[in-house]
Amino acid sequence: MAIDYSRRAPDYDAVRADDLTDRAFWLQGLIEVGEIQPRERVLDLGAGTGRFSALLQTTNPVVALDRSAEMLAVARGKASFPCIRGDGHALPIRRGAVDVTLLVMVLQHLANPGAVLSEVARVSRRVVIATVDLERRPKTILEEAFPSLLEVDRARFPRIDAIVADLTSAGFGRIRVEERPYRRTFTVEQQLDRVRRKYLSTFDLLPPGEFEEGMRFLEREMAKRFGDRFELASNITFVAGTR
Ligand SMILES: C[S@@+](CC[C@H](N)C(=O)[O-])C[C@H]1O[C@@H](n2cnc3c(N)ncnc32)[C@H](O)[C@@H]1O
């Protein structure tokens with residue numbers, strides 16, 4: 001089932017983005033694992049609100065591409081990089097036009113990740129992906145609150161070995177896989193608010209009633225267990241390849 005980003009767009013940065021984490025964790029991981037050099041041409045595929053296009057545009061020519069007009073409208077408000085509405089399964093970009101393509105938390109949304117990675121190989125010499133390895137994601141109170149969360153995410157997120165196989169079939173070699181610990185600290189009230197505003201798209205895919213019941217559980221339990229501070233501890237896996 002496709003997630004409706006038109007409804008999420010106005011709230012997306014408020015519940016997901018954080019300038020310090022975006023720079024020190026996400027951007028740094030993309031640059032290091034993706035070996036992105038200044039001035040290389042970058043395609044940000046599934047750019048959403050343009051979080052990473054906006055950060056990279058100071059050093060690199062960037063194009064942001066997304067299929068949601070509403071997400072791109074937010075991206076356009078940020079900067080002067082080109083924002084293209086399009087589908088990763090049929091990129092409106094000519095062969096070899098890009099040095100490196102980024103896909104940050106996008107693969108779980110794609111009907112056919114292998115087809116998209118073949119398109120990436122057509123237009124781009126290198127690729128760097130940021131995703132979650134569901135075989136290794138640490139369990140948190142969210143899995144307790146929402147019993148279907150893990151199963152729903154396991155069905156959505158491609159396994160890392162499947163990503164590596166798709167990259168190889170698409171013609172990428174020298175594949176690097178690096179998992180990095182992802183830590184953020186919130187007040188309990190901030191984290192409750194993020195869940196209420198459905199900061200994970202998976203919340204829209206839970207069986208009827210599960211989100212509301214889980215929310216009531218978190219409102220009862222979070223302060224009791226964590227006091228005021230909630231430490232989010234997870235892992236993000238970066239996967240890169242070169243043709
Ligand atoms: C979780 S958001 C990630 C946005 C951004 N990369 C970030 O990390 O902030 C996923 C994005 O992928 C986009 N998307 C999903 N399927 C797509 C497709 N087939 N082609 C292009 N964009 C797609 C959605 O519209 C959404 O903006």
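Relevant structure appears above.
Let us look at the structure shown here. (Residues numbered from 1 in each chain as written. Predicted model: local features only at pLDDT ≥ 70, side-chain atom pairs only at ≥ 80, totals over all residues.)

**Focus: the environment of Leu192**
Part 1 of the argument: One can find Leu192 in helix H9 (residues 188-196).
Part 2 of the argument: For Leu192, a count of 17 C-beta atoms within 10 Å translates into the label partly exposed.
Part 3 of the argument: Considering only alpha carbons, one finds Leu192 and Phe172, 20 residues apart in sequence, at a separation of 41 Å. (Helix = DSSP H or I, 4+ residues; strand = E, 2+ residues; numbered from the N terminus. Buried ≥ 20, exposed ≤ 12 C-beta atoms within 10 Å, placed from the backbone.)

**So, the site of the ligand**
Part 1 of the argument: What surrounds the ligand is a group of 17 residues, the closest being Gly46, Gly48, Ser68, Gly88 and His109.
Part 2 of the argument: Split by residue class, the shell around the ligand holds seven nonpolar, six polar and four charged. (Near = placed C-beta within 6 Å. Nonpolar A, V, L, I, M, F, W, Y, C, P; charged D, E, K, R; others polar.)

**Digging into the packing of helix H5 (residues 113-123) against helix H8 (residues 160-170)**
How two helices pack is summed up by the angle between their axes together with the distance between the axes.
Part 1 of the argument: In contact at an axis separation of 9 Å, H5 and H8 are set at 40° when each is read in the N-to-C sense. Judged by the angle between their axes, H5 and H8 are oblique. The two elements H5 and H8 meet at a crossing, and its hand is right-handed. Residues Pro113, Gly114, Leu117, Ser118, Val120 and Ala121 of H5 form the contact with H8, whose own contacting residues are Asp166, Leu167, Ser169 and Ala170.
Part 2 of the argument: A per-class count over the contact of H5 with H8 returns six nonpolar, three polar and one charged. (Axes fitted to C-alpha atoms, helices over the stretch in contact; angles between N-to-C directions. Parallel < 35°, antiparallel > 145°, perpendicular 65-115°, else oblique. Left-handed = near helix turned anticlockwise from the far one by under 90°. Contact = placed C-beta atoms within 7 Å.)

**Structural notes on the sheet that holds strand E3 (residues 83-85)**
Part 1 of the argument: Read from one edge of the open sheet, seven strands run E3-E2-E1-E4-E5-E7-E6, paired in mixed fashion. If you trace the sheet from one side to the other, it starts and ends with E3 and strand E6 (173-187), each paired once. Looking at each pair of strands side by side, their axes are set apart by 20° on average, direction ignored.
Part 2 of the argument: Summarising the sheet, strand E5 (residues 124-131) and strand E7 (residues 229-242) pair through six bridges and their orientation is antiparallel. By the bridge assignment, Val128 is partnered in E7 with Ala240. (Pairing = 2+ DSSP bridges.)

**Some thoughts on the nonpolar core**
Generally speaking, a soluble globular protein has its nonpolar side chains buried in company with each other.
Part 1 of the argument: The biggest cluster of nonpolar side chains holds 50 residues, and the ones touching the most others in it are Leu45, Ala64, Leu102, Val127, Val128 and Ile129.
Part 2 of the argument: Here the element with the most residues in this core is strand E4 (residues 98-104); it accounts for five residues.
Part 3 of the argument: Residues in contact with Leu45, not counting those within four places in the same chain, are Leu65, Gly88, Thr101, Leu102, Leu103, Val106 and Val120.
Part 4 of the argument: Counting five residues, the second-largest nonpolar core is a separate cluster that includes Ala145, Leu149, Val195 and Leu218. (Core = buried A, V, L, I, M, F, W, Y, C linked by C-beta atoms within 7 Å.)

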